[in-house]
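# Secondary and tertiary structure notes
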Amino acid sequence: GAGVSQSPSNKVTEKGKDVELRCDPISGHTALYWYRQSLGQGLEFLIYFQGNSAPDKSGLPSDRFSAERTGGSVSTLTIQRTQQEDSAVYLCASSSPGQGDTQYFGPGTRLTVL
Amino acid sequence: RKEVEQDPGPFNVPEGATVAFNCTYSNSASQSFFWYRQDCRKEPKLLMSVYSSGNEDGRFTAQLNRASQYISLLIRDSKLSDSATYLCVVAYQAGTALIFGKGTTLSVSS
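Note that the structure is predicted; figures quoted are calculated from it, not measured.

Calculation criteria
Residues numbered from 1 in each chain as written. Chains lettered and ligands numbered in written order. Predicted model: local features only at pLDDT ≥ 70, side-chain atom pairs only at ≥ 80, totals over all residues. Heavy atoms only, no water. Buried < 20%, exposed > 50% of the residue type's maximum accessible area, 1.4 Å probe, protein only. Helix = DSSP H or I, 4+ residues; strand = E, 2+ residues; numbered from the N terminus. Pairing = 2+ DSSP bridges. Disulfide = S-S within 2.5 Å. Contact = heavy atoms within 4.5 Å. Buried area = accessible area lost by both parts, 1.4 Å probe. Salt bridge = Lys/Arg side-chain N within 4 Å of Asp/Glu carboxyl O. Polar contact = N/O pair within 3.5 Å; in protein donor to acceptor, adjacent residues only side chain to side chain. Nonpolar A, V, L, I, M, F, W, Y, C, P; charged D, E, K, R; others polar.

## A short note on the pairing of strand 4 (residues 31–37) of chain A
Within a regular beta strand, the side chains point alternately toward one face of the sheet and then the other, so they alternate between its two faces. Residues and elements named next belong to chain A. Counting buried residues along strand 4, 7 of its 7 residues qualify, which places the element largely inside the surrounding structure. The alternating pattern of strand 4 places Ala31, Tyr33, Tyr35 and Gln37 on one face and Leu32, Trp34 and Arg36 on the opposite face, and all of these are buried. Bridging between strand 4 and strand 5 (residues 43–50) involves 7 bridges; their strand directions are antiparallel. Looking across to strand 5, one finds that Gln37 is bridged to Leu43.

## Considerations on the state of the cysteines
Residue and element names in this part refer to chain B. What the rule picks out here adds up to 2 disulfides over all chains. Here Cys23 pairs with Cys88 through a disulfide, and the sulfurs are 2.0 Å apart. Judged by the torsion about the S-S bond (-75°), the Cys23/Cys88 disulfide is left-handed. Pair noted here: Cys23 is in strand 3 (residues 19–25) and Cys88 is in strand 9 (residues 84–91), with a separation of 65 residues, a long-range link. Cys23 gets classed as buried once you look at its relative accessible area, which sits at 1%.

## Thoughts on the interface of chain A and chain B
Chain A puts 18 residues into the contact, and the matching count from chain B is 15 residues. Taken over both partners, the interface formed by chain A and chain B buries close to 1400 Å², and the fraction arising from carbon and sulfur atoms is 55%. Run the count over chain A and chain B and you get 0 salt bridges. Inspection of the region where chain A meets chain B yields 5 residue pairs in polar contact (both at pLDDT 80 or more). Of the residues that constitute the side of chain A that touches chain B, the class distribution is 8 nonpolar, 8 polar and 2 charged.

See the structure below:
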């Protein structure tokens, strides 16, 4: 079946521009997570959505980062006024209690801020 | 202290070798434990969950020691295809955010 998909796969932008990254979770998965992986760093949690509950935003590094999930499915991560330190691979994952809450990751969006 | 710490690696072993990775976590309230595998420039994929009683999946054996806050992964009879980065992962509760170690790189050579 279809896994988690993310778009675009690569994004190059200039410092100061806004970017939007999209995640399509596995159909039926109630939870959706965003992480990022910077060069030489481990995966870092950003935000997660669980059903209709308020999202856990505790991992967002600054108020330039925001995310929404529409209709309990697709999610968009927005980074405003991008900085060079935002360059990273942004990974999305989804999970379902029916599958043991195992998080399945998408292929990621590689963001480069020039 | 980082929340999840792993052996720095890299581990370079010949085919057929047995290799062990260790990991410690700082939050004693952690409830879920995993090993993920990440190939170069790919997304992480679940290798196995780790249970208190220890568990085995083919050539892979995972152990958890809650008292010492220590997790291990043993790979027997290493294959070339085992070459990857192995990520130790914990979660405070099932279904919540995963906390990743930086990973240990394994290179298996013929």
